[in-house]
2 protein chains.
Amino acid sequence: MKNIEERILRDGQVIDNDILKVDSFLNHQVDIAFLQEFAQGVRKALPDVRVDKVLTIETSGIAVAYALCEAFGCPSLVFAKKSKSKTVGDDVFKTQIHSFTRGFSCEVTVSNKYLREGENVLIADDFLALGNASLGLLDLCAQAGAHPVAVAVVIEKLFQGGRERIEAKGVPVFSGAGVKAFVDGKPAF
Amino acid sequence: MKNIEERILRDGQVIDNDILKVDSFLNHQVDIAFLQEFAQGVRKALPDVRVDKVLTIETSGIAVAYALCEAFGCPSLVFAKKSKSKTVGDDVFKTQIHSFTRGFSCEVTVSNKYLREGENVLIADDFLALGNASLGLLDLCAQAGAHPVAVAVVIEKLFQGGRERIEAKGVPVFSGAGVKAFVDGKPAF
């Protein structure tokens, strides 16, 4: 989507020619209209798909998932949890996810009550890089017997192979902007 | 709000006569229409207030904050971060918050670029108990010179004193439902 690329060029910041910092509009401060526009773009790409649930992982995916719920008329979002709180029970699906930005692996869980056999699930996140988070969420869907209709991410790093790993599982990927490379501290689309 | 009380009675679960588990509609699976209705209720209570930013803390407050942004026509939400990622710089406001549900304290930060002097800030969260999270966010507002217009939470535990601590700072509190006590494993309103 042209507008997303322009926004990244205007407000994004490349750190160490490696990390794209977009916390002014995506994952610290969140621009609501920007996410609504992204979500409408995904809806346009998948006009006839019924989405029963939008699945993401805390934290940065939650606002993205909310926008997608609204665009798809989907009643609820579910966010997989990274740490065990007192209110999470034992009846959960679990998977291991390695976070590229944070530099460590963690177990993420979803209650087996909130991901059900036969549900159409749209997987959402802010970024797609190696694809570890999305593959973990796909694993949770597989455990539940839910049907992943697509992975939708705002920004994709095309050079890190996440898309190929997800498509190899038969799941389409939609991204608002695909970064081909970082050239002289700027993203190239 | 009557509907919120009814939803809590129907779908909430009280654990150890102490913790109210509402993860089927609020903080694990999130019911979008429920949050929209809550947010409209807050808007009705504050009809003439301009909100420049909705401020919350990751994780469970993000969807609540998103709904409030839409209800108030507020362009952006900001979520304070609990852990330091590679993309957070040093130019931050910091405060310590003790989490009742998780049982430990952590430092939370907001970039000083996303909370500004003179901004009208609505503070949002899923729960208000002792008020530690909200007081931490109020502290961040004070550091920024921002003006907190209100604290809006979906569920308030009236017997834990959070409201009094916030009102003592001159900030009004709005909650969707106020739990007076847990009686025989049920919330009483």
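Note that the structure is predicted; figures quoted are calculated from it, not measured.

Parameters and conventions
Residues numbered from 1 in each chain as written. Chains lettered and ligands numbered in written order. Predicted model: local features only at pLDDT ≥ 70, side-chain atom pairs only at ≥ 80, totals over all residues. Heavy atoms only, no water. Buried < 20%, exposed > 50% of the residue type's maximum accessible area, 1.4 Å probe, protein only. Helix = DSSP H or I, 4+ residues; strand = E, 2+ residues; numbered from the N terminus. Arc of directions from axis to C-beta. Contact = heavy atoms within 4.5 Å. Axes fitted to C-alpha atoms, helices over the stretch in contact; angles between N-to-C directions. Parallel < 35°, antiparallel > 145°, perpendicular 65-115°, else oblique. Left-handed = near helix turned anticlockwise from the far one by under 90°. Nonpolar A, V, L, I, M, F, W, Y, C, P; charged D, E, K, R; others polar. Least-squares fit on C-alpha atoms with pLDDT ≥ 70 in both. Buried area = accessible area lost by both parts, 1.4 Å probe. Salt bridge = Lys/Arg side-chain N within 4 Å of Asp/Glu carboxyl O. Polar contact = N/O pair within 3.5 Å; in protein donor to acceptor, adjacent residues only side chain to side chain. Pairing = 2+ DSSP bridges. Core = buried A, V, L, I, M, F, W, Y, C linked by side-chain atoms within 4.5 Å.

### Section: helix 1 (residues 2-11) of chain A
An α-helical turn contains 3.6 residues, so a residue and the one three or four places further along point in the same direction.
Residue and element names in this part refer to chain A.
Okay, so step 1: Of the positions making up helix 1, those classed as buried are Ile4, Glu5, Arg7 and Ile8. Around the axis of helix 1, the buried residues are gathered within 160 degrees of arc, so they sit on the same side. Seen from the open side of helix 1, the exposed residues pointing more than 90 degrees away from its buried face are Lys2 and Arg10.
Okay, so step 2: Summarising the contacts, the buried residues of helix 1 are in contact with strand 2 (19-21), strand 3 (29-31), helix 2 (32-45), strand 9 (147-157), strand 10 (173-179) and strand 12 (186-188).

### Here's the deal with the packing of helix 2 of chain A against helix 3 (residues 61-72) of chain A
Residue and element names in this part refer to chain A.
Okay, so step 1: With their axes 8 Å apart at the nearest point, helix 2 and helix 3 run at an angle of 50 degrees to one another. On the basis of the axis angle, helix 2 is oblique to helix 3. Here the hand of the crossing between helix 2 and helix 3 comes out right-handed. Contact residues: helix 2 offers Leu35, Gln36, Phe38, Ala39, Gln40, Val42 and Arg43, while helix 3 offers Ala63, Val64, Ala67, Leu68, Glu70, Ala71 and Phe72.
Okay, so step 2: A breakdown of the residues in the contact of helix 2 with helix 3 according to their chemical character gives 10 nonpolar, 2 polar and 2 charged.

### Regarding the relation of the copies chain A and chain B
Okay, so step 1: For these two chains of identical sequence, chain A goes onto chain B by a turn of 180 degrees and a shift of 0.0 Å along the axis, with RMSD 0.0 Å. What the rotation and shift describe, once combined, is the action of a two-fold rotation axis. Considering only C-alpha atoms, the part of chain A nearest the rotation axis is A:Thr59, at 2.8 Å.
Okay, so step 2: A shared binding surface is used by both copies, with 100% of the interface residues of chain A retained as interface residues in chain B.

### Considering the interface of chain A and chain B
Okay, so step 1: On the side of chain B, 45 residues touch chain A, which itself brings 45 residues to the contact.
Okay, so step 2: Where chain A abuts chain B, roughly 3,800 Å² becomes buried across the two surfaces, and 56% of that area is made up of carbon and sulfur atoms.
Okay, so step 3: Across the contact surface, chain A and chain B share 0 salt bridges.
Okay, so step 4: Our count for the chain A to chain B interface comes out at 21 residue pairs in polar contact (both at pLDDT 80 or more).
Okay, so step 5: When residues of the side of chain A that touches chain B are traced back to their parent elements, those giving at least two are strand 2, strand 3, helix 2, helix 3, strand 5 (76-80) and strand 7 (104-111) of chain A.
Okay, so step 6: In terms of residue count, helix 3 of chain A provides more of the side of chain A that touches chain B than any other element does, 6 residues in total.

### Remarks on the side chain of B:Arg7
Okay, so step 1: Mapped onto the elements of the fold, B:Arg7 is located in helix 1 (residues 2-11).
Okay, so step 2: Once residues within four sequence positions are removed from consideration, B:Arg7 is found in contact with B:Gly12, B:Phe25, B:Asp31 and B:Phe34.

### Observations regarding the sheet that holds strand 4 (residues 53-57) of chain B
Okay, so step 1: The mixed open sheet is built from 6 strands, whose spatial order is 3(A)-5(B)-4(B)-8(B)-9(B)-10(B). Edge positions in the open sheet fall to strand 3 of chain A together with strand 10 (173-179) of chain B, since each of these has one partner strand only. Across the sheet, the mean angle from the axis of one strand to that of its neighbour is 20 degrees, orientation sign disregarded.
Okay, so step 2: As paired strands, strand 4 of chain B and strand 5 (residues 76-80) of chain B are joined by 4 bridges and run parallel to one another. Bridge pairing in strand 5 of chain B links B:Leu55 to B:Val78.
Okay, so step 3: Strand contacts of helix 1 of chain B: strand 9 (147-157) and strand 10 of chain B, with the helix running at about 40 degrees to strand 10 of chain B, the strand carrying the most contacts.

### Details of unusual backbone geometry
All names here are of chain A.
Okay, so step 1: Residue glutamate 58 is joined to threonine 59 through a cis peptide bond whose omega torsion reads 10 degrees.
Okay, so step 2: Position of threonine 59 relative to the elements: it lies in the loop between strand 4 (53-57) and helix 3.
Okay, so step 3: Phi is positive for aspartate 16, which is not a glycine, with a value near 55 degrees.
Okay, so step 4: You can see aspartate 16 is positioned in the loop between strand 1 (13-15) and strand 2.
Okay, so step 5: Within the chain, aspartate 184 stands out as a residue other than glycine whose phi angle is a positive 50 degrees.
Okay, so step 6: Structurally, aspartate 184 can be placed in the loop between strand 11 (181-183) and strand 12.
Okay, so step 7: Accessibility expressed as a relative area gives 76% for aspartate 184, which makes it exposed.

### What about the nonpolar core?
Okay, so step 1: Counting 82 residues, the largest nonpolar core has A:Leu68 and B:Leu68 as its most contacted members.
Okay, so step 2: Beyond its immediate sequence surroundings of up to four residues, B:Leu68 is in contact with B:Phe38, B:Ala39, B:Val42, B:Val54, B:Leu122, B:Ala124 and B:Ala152.
Okay, so step 3: With 27 residues, the next largest nonpolar core counts B:Val110, B:Val121, B:Leu135 and B:Cys141 among its residues.

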